[in-house]
Amino acid sequence: MEKTPRGTSVGVDDPYDLVERCDFLTDDGRCRYAAEYGHHDPEFARTRHEDDLRCPAADPHGAWDWADCPKFRATDTARECRRCGLEERRLTGEESRPLLEEHHLEYPDDGRKELAHEITVSLCRWCHAKIHGSWARIDDEATPDPEGIAAAEGRRTKEYAELAFESAAERYGDDG
């Protein structure tokens with residue numbers, strides 16, 4: 001199983017198996033990195049511009065896989081845990097710990113590899129702990145942890161309380 005630079009489990013054998021698309025890929029199959037950030041790597045940008053910014057990793061007949069692209073990045077912005085499906089619930093104005101955390105499958109500054117990419121998935125904090133403890137894998141069949149369900153339901157209750165209608169008289173104790 002793949003490991004982090006510190007040696008803990010990332011929960012998958014091949015991080016690229018979980019990638020759907022690169023963060024820099026446009027809807028028409030072009031490389032947004034070369035178009036917008038080409039000044040950081042002029043040679044890469046020039047090569048992509050010569051090919052009309054076409055992404056060779058996104059093209060089914062292209063010469064690259066995601067792992068071959070030097071500018072590849074895939075950061076998951078899902079609002080639910082990739083492993084158990086627990087949905088994030090954030091309360092405005094409340095400083096509570098998020099239910100979901102960003103889990104790195106690959107690190108952008110991993111000196112162990114020639115091409116180091118940033119690949120992340122969203123995991124609830126309970127699944128995240130299980131994966132780093134090597135007790136679980138991301139692709140396991142899993143249900144949300146009871147503590148996670150309780151935390152999410154507690155937040156849902158607060159959301160509903162915020163939506164409840166209360167007249168000004170009720171709110172401020174005016175009897176009229």
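Since we're looking at a predicted model, the values are computed, not measured.

### Here we look at the pairing of strand 2 (residues 100-106)
Now for step 1: Burial of strand 2 is extensive: five of the seven residues sit out of reach of the surface.
Now for step 2: Note: strand 2 against strand 3 (residues 118-124), six bridges, orientation antiparallel. Across the sheet, glutamate 106 pairs through a bridge with isoleucine 119, a residue of strand 3.

### Here's the deal with the layout of surface pockets
Now for step 1: The calculated volume of the largest pocket comes to roughly 270 Å³.
Now for step 2: Lining the largest pocket are 17 residues, with Leu18, Glu20, Thr75, Asp76 and Arg82 positioned closest to its centre.
Now for step 3: For the lining of the largest pocket, the secondary structure elements donating two or more residues are strand 1 (73-75) and strand 3.
Now for step 4: For the lining of the largest pocket, a count of residues per class yields eight nonpolar, three polar and six charged.

### With respect to the pattern of salt bridges
Now for step 1: In this structure the tally under the stated criterion is 19 salt bridges.
Now for step 2: Between aspartate 59 and arginine 54 there is a salt bridge, with the nearest N and O atoms lying 3.0 Å from each other.
Now for step 3: Owing to a relative accessible area of 24%, aspartate 59 belongs among the partly exposed residues under this scheme.
Now for step 4: One salt bridge connects arginine 83 with aspartate 140, and the closest N-O pair in it is separated by 3.5 Å. Placement of the pair is arginine 83 in the loop between strand 1 and strand 2 and aspartate 140 in the loop between helix 3 (125-132) and helix 4 (146-163), with a sequence separation of 57 residues.
Now for step 5: Taking the relative accessible area as the measure of exposure, aspartate 140 reaches 29% and is therefore partly exposed.
Now for step 6: Each member of the salt-bridge network shares a partner with another, and the members are Arg48, Asp51, Arg54 and Asp59.

Cut-off values and rules
Residues numbered from 1 in each chain as written. Predicted model: local features only at pLDDT ≥ 70, side-chain atom pairs only at ≥ 80, totals over all residues. Heavy atoms only, no water. Buried < 20%, exposed > 50% of the residue type's maximum accessible area, 1.4 Å probe, protein only. Helix = DSSP H or I, 4+ residues; strand = E, 2+ residues; numbered from the N terminus. Pairing = 2+ DSSP bridges. 1 Å grid on protein atoms, 1.4 Å probe; cavity = no way out; pocket = protein on both sides within 12 Å on 5 of 7 lines; lining within 4 Å. Points joined across faces, edges and corners; volume = space filled by probe spheres on them. Nonpolar A, V, L, I, M, F, W, Y, C, P; charged D, E, K, R; others polar. Salt bridge = Lys/Arg side-chain N within 4 Å of Asp/Glu carboxyl O.

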